[in-house]
Amino acid sequence: MKVLVTGGSGFLGAWVTRRLLARQVKVRAFDVREDTHVLEQLAPQRAAEVEWRAGDISSASDVVQAMNGCDAVIHLAGVLTPACAADPVRGAQINLIGTLNVFEAARAAGLGAVLYASSAGVFGPEDGVAPFPQTHYGAFKLACEGSARAYWNDHGIASVGFRPLVVYGAGRESGSSAGPSLACRAAARGEPYTIPFTGSTGLVYADDVAAAYEAALFARVEGAHAFTLAGEIASVGTVIEHVSSIVPGARIDAAGAPLPIATSFPADPELARLLPGLPHTLLEDGLKQTVAFYRGHE
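Residues numbered from 1 in each chain as written. Predicted model: local features only at pLDDT ≥ 70, side-chain atom pairs only at ≥ 80, totals over all residues. Heavy atoms only, no water.

Looking at an unreviewed UniProt entry, the chain carries the name NAD-dependent epimerase/dehydratase, with the source organism given as Caballeronia humi. In its Sequence similarities (unreviewed entry) section, the UniProt record describing the chain reads: "Belongs to the NAD(P)-dependent epimerase/dehydratase family." Comment text from UniProt for the chain, heading Pathway (unreviewed entry), reads "Bacterial outer membrane biogenesis; LPS O-antigen biosynthesis." (UniProt positions renumbered as here; feature names shortened; annotations may be inferred.)

Structural data, given as C-alpha cells:
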C-alpha cells in the first residue's frame, strides 16, 4: 500500500508518517517544500524511505499528480488560525479548495475513502455538540465536513475527519494553540515562556491523533464521519504544574484570553464502534515525553 500524506512537512504529518512506516506502509509526502526535520527526529532510521512531491494543495493539477499511483490519502495540509485570520482568501484556497482538490483527485483515482483533518475549531466556546465556529479557520473546516458529506452522497466516497482540540507533542511549534508544546521546549532549554492563553481546553497527544488516522486507514468505512478528539480537558494552570513537576524551576506562566472553543464534548459511540481501542495518553505522560524529546534534541 502507498499512502499520500498531504502536509507531510508538518508536525502531525511527521507523527502520522512515523506510524505508517512502522506498519511497512509506503508513504508519499506532499507539501510546498520537503522538510524532514521532525520526521528525522521521530523516526531517524526510516525517514529516508519517504517519497516526496512538492506542490501547492490549492492547485488541482499538483494534487492529481501527487495522488497518481497512491492507494489511499491522509489529507493534513492546511494553514492554521493566525494565517487564516491574516488572509482569509488564501486560507480558504488552502484549507477549503485544497480539500476539494483532494476529494476530486481521489475520485479521479478511484479511491474509496479520504481521511482528512478537521478541527474542534468548528465549535464555538459554549457548545461542543452543535458547530458554531468563531474563526475563519473553523468556518473553513466546517465547510470541509459538509463537502465530505456531499462526496459520499454524490459519489460514494467515504471519509473520516478528525476534530482534535489542542494537539501537543514534539514538533508542535506553530499556531495559536502551540503553547503547551512550546512550554515543554522552553522548560527543557531552561528558558522562560508565557503560554498565550488561559482557561481550560482539551489537550490530545500527537501520537494519539496519529494512531486515530492509522486505525481509520485500515478500517472498513462507509459514510462521512467527523469525530472529535478531545483528549484530556485540563486548565492551563494544570499544564504549568505538570511541566514544573517534570522540570523543577521551570519558568512557565500564562496570559491572554481562553481559546474560543468549548470544553465539554459528549462521548461518540460511533467512534468507539468504528475505531475501537484508540490510545489515550495521560496529559502528564504526554508532557513528560515532549520534554524528554526536547532535552534529547538540543
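Looking at this model, I keep getting lost on the packing of aromatic side chains. Mind explaining?
What characterises a pair of aromatic rings is the spacing of the ring centres plus the angle enclosed by the ring planes. All told, the structure shown has eight aromatic pairs when counted by the stated rule. Taking the centre distance of 4.9 Å and the plane angle of 80° together, the rings of F162 and Y213 count as edge-to-face. Highlighted residues: F162 in strand β6 (residues 158–164) and Y213 in helix α8 (residues 206–217), separated in sequence by 51 residues. For the pair F162 and Y213, one class covers both residues: buried. Aromatic side chains F293 and Y294 sit 5.1 Å apart centroid to centroid with 85° between the ring planes, which places their arrangement in the edge-to-face category. Both residues of the pair, F293 and Y294, belong to the buried class. Linked through ring pairs, W15, Y168 and Y205 together constitute an aromatic cluster. Here the basic side chain of R23 rests over the ring of F218, its NZ or CZ set 4.0 Å away from the ring centre. (Phe/Tyr/Trp six-rings, centres within 6.5 Å; stacked < 30°, edge-to-face > 60°. Helix = DSSP H or I, 4+ residues; strand = E, 2+ residues; numbered from the N terminus. Buried < 20%, exposed > 50% of the residue type's maximum accessible area, 1.4 Å probe, protein only. Lys NZ or Arg CZ within 6 Å of the ring centre and 35° of its normal.)

Is there a simple way to think about the sheet that holds strand β11 (residues 232–235) in this case?
Strand pairing within a sheet occurs via backbone hydrogen bonds; the two strands may be parallel or antiparallel. If you trace the three strands from one edge of the open sheet to the other, you get β7-β9-β11, paired in mixed fashion. Whereas interior strands pair on both sides, the edge strands pair on one side only; in this sheet they are β7 (166–168) and β11. Neighbour-to-neighbour, the strand axes of the sheet open up by a mean angle of 45°, direction not taken into account. Two elements, β7 and strand β9 (residues 200–205), share three bridges in a ladder whose sense is parallel. Bridge pairing links Y168 to Y205 in β9. In this fold helix α9 (residues 236–246) packs onto β9 and β11, with an angle of close to 90° to the strand it touches most, β11. (Pairing = 2+ DSSP bridges. Axes fitted to C-alpha atoms, helices over the stretch in contact; angles between N-to-C directions. Contact = heavy atoms within 4.5 Å.)

Whenever I open this one, the layout of surface pockets confuses me. Can you help?
Think of a ball as big as a water molecule: rolled over the atoms, this probe shows where empty space is left. Considering only enclosed or pocket space, the second largest pocket measures out at about 580 Å³ in volume. For the lining of the second largest pocket, the secondary-structure elements that each account for two or more residues are β9, α8, β10 (224–229) and α10 (269–274). For the lining of the second largest pocket, the leading source of residues is β10, giving four residues. (1 Å grid on protein atoms, 1.4 Å probe; cavity = no way out; pocket = protein on both sides within 12 Å on 5 of 7 lines; lining within 4 Å. Points joined across faces, edges and corners; volume = space filled by probe spheres on them.)

It is not clear to me how unusual backbone geometry should be interpreted in this structure. Could you clarify?
Most peptide bonds take the trans form, and the phi angle of most residues other than glycine is negative. Look at Q24: it is not a glycine, yet its phi comes out positive at around 65°. With respect to the element layout, Q24 can be found in the loop between α1 (11–22) and β2 (26–31). With a relative accessible area of 60%, Q24 lands in the exposed category.

What is the right way to read the nonpolar core from this model?
The nonpolar side chains of a soluble globular protein tend to be buried with one another. Counting residues in hydrophobic clusters, the biggest one holds 72 residues, and the most contacted among them are L20, F162, I195, Y213 and I252. Once residues lying within four places of it in the same chain are set aside, the contact partners of F162 are Y116, A117, S118, S119, A212, Y213, A216, F227, L229, L271 and L275. If you look at the next biggest cluster of nonpolar residues, it comprises 20 residues, including M67, C70, I94 and Y151. (Core = buried A, V, L, I, M, F, W, Y, C linked by side-chain atoms within 4.5 Å.)

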